[in-house]
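# Structure assessment
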Amino acid sequence: MSYFLISPNNMTANNLPSPYVASASTEYEGWPAWHAFDGNTSVGWSTSTPGYGWLKIYVYDFYLIRRYSITAHPSHGASAPKDFTCQGSNNDSDWVTLDTQTGQTFSGGETKNYDFFNSTSYKYYKLDVTANNSPSDGIVVGEFGLYNQDGICLIDFNVTVG
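Quick caveat: nothing in here was measured; it's all calculated off a predicted structure.

What counts and how
Residues numbered from 1 in each chain as written. Predicted model: local features only at pLDDT ≥ 70, side-chain atom pairs only at ≥ 80, totals over all residues. Heavy atoms only, no water. Helix = DSSP H or I, 4+ residues; strand = E, 2+ residues; numbered from the N terminus. Rg over C-alpha atoms; globule rule 2.2 N^0.38 Å. Buried < 20%, exposed > 50% of the residue type's maximum accessible area, 1.4 Å probe, protein only. Contact = heavy atoms within 4.5 Å. Areas by Shrake-Rupley, 256 points an atom, 1.4 Å probe, with all protein chains shown as cover. Lys, Arg positive; Asp, Glu negative; His and termini not counted. Charge placed at Lys NZ, Arg CZ, Asp CG, Glu CD. Polar contact = N/O pair within 3.5 Å; in protein donor to acceptor, adjacent residues only side chain to side chain. Pairing = 2+ DSSP bridges. Axes fitted to C-alpha atoms, helices over the stretch in contact; angles between N-to-C directions.

### Concerning the overall build of the protein
- The helix and strand tally for the protein stands at zero helices and eleven strands.
- Secondary structure elements in the protein, listed N-terminal to C-terminal, are β-β-β-β-β-β-β-β-β-β-β.
- In terms of overall size, the protein behaves like a compact globule, its C-alpha atoms giving a radius of gyration of 15 Å where 162 residues would be expected to give roughly 15 Å.
- Principal-axis analysis of the C-alpha atoms places the extent of the protein at approximately 55 × 30 × 30 Å.
- By residue count, 49% of the 162 residues in the protein fall in the buried class.
- Counting contacts in the protein only where the partners sit at least 6 residues apart, residues at least 24 apart contribute 73% of the total.
- As presented, the protein carries roughly 7,500 Å² of accessible surface, and 48% of it is formed by carbon and sulfur atoms.
- Charge centroids of the protein, computed over 7 positive and 15 negative side chains, lie 5 Å from each other.

Here's what the structure looks like:
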């Protein structure tokens with residue numbers, strides 16, 4: 001089975017390239033949200049405080065994902081997410097949990113893929129992290145990728161006629 005990346009991997013700011021928008025609960029100075037979508041694992045996003053944090057991407061259209069990936073920063077594997085959910089939304093306020101992971105560990109630079117069943121397309125996707133393996137440090141994500149499965153319609157064409 002093949003998977004195709006639908007999230008950007010060439011961002012240069014939280015809103016570039018347009019129309020993508022990356023955001024986060026907090027950002028440690030020099031570690032903004034867009035670094036998790038720039039294709040460069042030697043930089044990344046980090047929270048400014050230990051514990052909880054979320055990373056979000058607006059993908060501008062209705063996209064169906066069935067896999068996501070997390071790449072740990074090469075120097076901060078223990079700060080990668082340990083307990084987290086991947087969520088989808090179409091209005092940026094009502095979130096649906098698509099996948100839940102607990103007890104995950106990463107070595108520096110390691111990428112893990114998480115496959116799940118999903119039949120609903122969303123415009124917003126969020127990685128909601130509740131713990132890492134280094135509780136005194138902020139959460140660090142080198143890259144966050146969203147994928148569509150080969151042969152699955154990328155865009156939801158459901159139209160309501162009123």
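### Some remarks on the side chain of threonine 85
- As for its placement among the helices and strands, threonine 85 is situated in strand E6 (residues 81-89).
- A polar side-chain atom of threonine 85 sits 3.2 Å from a polar atom in the side chain of glutamine 87.
- The contact partners of threonine 85, leaving out residues within four places of it in the chain, are Thr97, Asp99, Thr100, Lys126, Leu127 and Asp128.

### Some points on the sheet that holds strand E7 (residues 96-101)
- One open sheet accounts for five strands, arranged E2-E4-E9-E6-E7; its pairing is antiparallel. Only two strands of the sheet have a single neighbouring strand rather than two, namely strand E2 (21-24) and E7. Sheet twist, expressed as the mean angle between neighbouring strand axes with direction ignored, is 20°.
- One ladder, built from eight bridges, connects E6 with strand E9 (residues 122-132); its direction is antiparallel.

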